[in-house]
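Observations on the three-dimensional arrangement
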Amino acid sequence: AKGQGKNNYQFYVHEDESILSRKIKLERGLKRALVNKELELHYQPKVVLNSGDIYGVEALLRWNHPELGRIPPTEFIPIAEEIGMIIPIGKWVLEEACIQNKIWQDLGIKIMMNVNISSIQFEDSHFVDKVKIALAASQMPPKYLGLEITESVMQNINRTYAILEELKAVGVKVAIDDFGTGYSSLSVLNNLPIDLVKIDKSFVNEILTNSNTASLVKTMVQMGENIDFDLVAEGIEEQEQVAFLVGNGCKFGQGYFFSPPLPVSEVESLLIGKVEK
Ligand code: C2E
Ligand code: CA
Ligand code: CA
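The rules behind these values
- Residues numbered from 1 in each chain as written.
- Chains lettered and ligands numbered in written order.
- Predicted model: local features only at pLDDT ≥ 70, side-chain atom pairs only at ≥ 80, totals over all residues.
- Heavy atoms only, no water.
- 1 Å grid on protein atoms, 1.4 Å probe; cavity = no way out; pocket = protein on both sides within 12 Å on 5 of 7 lines; lining within 4 Å.
- Points joined across faces, edges and corners; volume = space filled by probe spheres on them.
- Helix = DSSP H or I, 4+ residues; strand = E, 2+ residues; numbered from the N terminus.
- Nonpolar A, V, L, I, M, F, W, Y, C, P; charged D, E, K, R; others polar.
- Phe/Tyr/Trp six-rings, centres within 6.5 Å; stacked < 30°, edge-to-face > 60°.
- Buried < 20%, exposed > 50% of the residue type's maximum accessible area, 1.4 Å probe, protein only.

Identification of the protein chain as EAL domain-containing protein from Evansella tamaricis is taken from an unreviewed UniProt entry.

This is how it looks when you write it as structure tokens:
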């Protein structure tokens with residue numbers, strides 16, 4: 001038994017080392033990912049639930065590590081935040097998404113472009129300027145840009161309010177992402193200039209099987225109607241979820257049921273198909 005314990009101990013040491021060395025590799029890799037052009041945006045269609053019409057896309061970051069392959073954003077975004085690289089990377093995402101939207105605008109594809117904003121970016125004192133620069137450089141019309149921020153920015157509510165007002169003046173839309181997974185309550189939204197709330201996929205995942213979740217989602221939609229913001233349900237994978245959401249007044253959604261995030265060329269053929277119809 002003693003020998004086994006020793007083996008286990010060595011096993012865990014080994015394990016920790018490999019986790020650590022992967023993290024170090026990712027940290028180093030992130031510092032050169034932009035210059036080496038290893039980052040790419042994929043786009044997931046956002047649809048009107050009762051017709052399936054695409055009215056926008058969400059830009060989702062992809063990283064192709066030369067040695068370790070495709071790294072999921074849930075793994076590398078927190079590391080990028082930790083080492084501060086989320087600032088230049090986030091700036092690139094914003095600029096790239098705006099340029100792509102402008103290309104589509106010029107092809108007659110007038111759709112919303114939603115971009116995820118880390119709370120570290122949002123708290124950067126030059127954030128609003130960077131949004132303005134991305135819009136000016138691309139010539140993209142501001143009303144088509146949507147910024148997805150998370151509830152964590154609610155911690156400094158006064159500052160958040162001021163930034164949201166500035167963004168409103170620029171003419172972009174703001175969405176609260178992952179709503180319901182953090183600590184803020186629905187009433188907080190009442191006092192903020194928010195255009196949109198995204199119902200997190202962890203809720204959508206349960207609407208057919210958990211009656212508490214189902215009534216929570218109903219309440220969110222009702223609240224949205226009362227204080228005038230739209231709701232977008234994310235992570236929709238089944239027809240029955242669509243039916244539930246439409247039946248309860250949720251107008252917009254996205255998820256694998258409609259389309260996964262796709263590279264530019266693939267999403268573009270979907271969008272062109274829509275425009276020609
Ligand atoms: P998120 O903003 O909540 O994005 C939704 C995630 O759900 C995406 O994962 C998307 O691919 C996935 N998804 C979409 N439809 C379905 C579905 O029907 N079922 C399931 N199970 N999943 C679905 P992804 O692309 O891996 O991104 C994960 C997270 O990484 C994002 O969550 C967001 O928080 C972050 N992220 C991605 N791109 C960026 C970025 O450019 N900047 C920042 N700051 N964060 C980003
Ligand atoms: Ca998002
Ligand atoms: Ca989410």
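**Topic: the layout of surface pockets**
The volume enclosed by the largest pocket comes to roughly 1100 Å³. In terms of lining residues, the largest pocket is bounded by 39 residues, among which Glu58, Leu60, Pro73, Thr74 and Asn116 are the most central. Breaking the lining of the largest pocket down by element, the ones donating at least two residues are strand 1 (39-48), strand 2 (54-65), helix 2 (73-82), helix 3 (86-106), helix 4 (119-123), strand 5 (145-150) and strand 6 (173-179). Across the lining of the largest pocket, the residue classes tally to 14 nonpolar, 14 polar and 11 charged. Approximately 190 Å³ is the volume found for the second largest pocket. Lys46, Tyr55, Met112, Asn114, Gly146, Lys173, Val174, Ala175, Asp195, Leu196, Asp230 and Phe252 are the residues that line the second largest pocket. Elements with a minimum of two residues in the lining of the second largest pocket: strand 4 (112-116) and strand 6. With 3 residues, the single largest contributor to the lining of the second largest pocket is strand 6. Broken down by class, the residue content of the lining of the second largest pocket amounts to 6 nonpolar, 2 polar and 4 charged.

**Here's the deal with the packing of aromatic side chains**
As enumerated under the stated definition, the model contains 5 aromatic pairs in all. Each ring, one from Tyr43 and one from Trp104, has its centre 5.3 Å from the other, and the planes form 75°; the classification is edge-to-face. Of this pair, Tyr43 sits in strand 1 while Trp104 is found in helix 3, placing the two residues 61 residues apart along the sequence. Grouping residues by exposure puts Tyr43 and Trp104 together as buried. Between Tyr55 and Phe252 the ring centres are 4.9 Å apart and the planes differ by 55°, which places this aromatic pair in the tilted class. A residue pair is termed long-range when its members are at least 10 positions apart, and Tyr55 in strand 2 and Phe252 in strand 9 (residues 252-253) qualify at 197 residues. Assessed through its relative accessible area of 17%, Phe252 is described here as buried.

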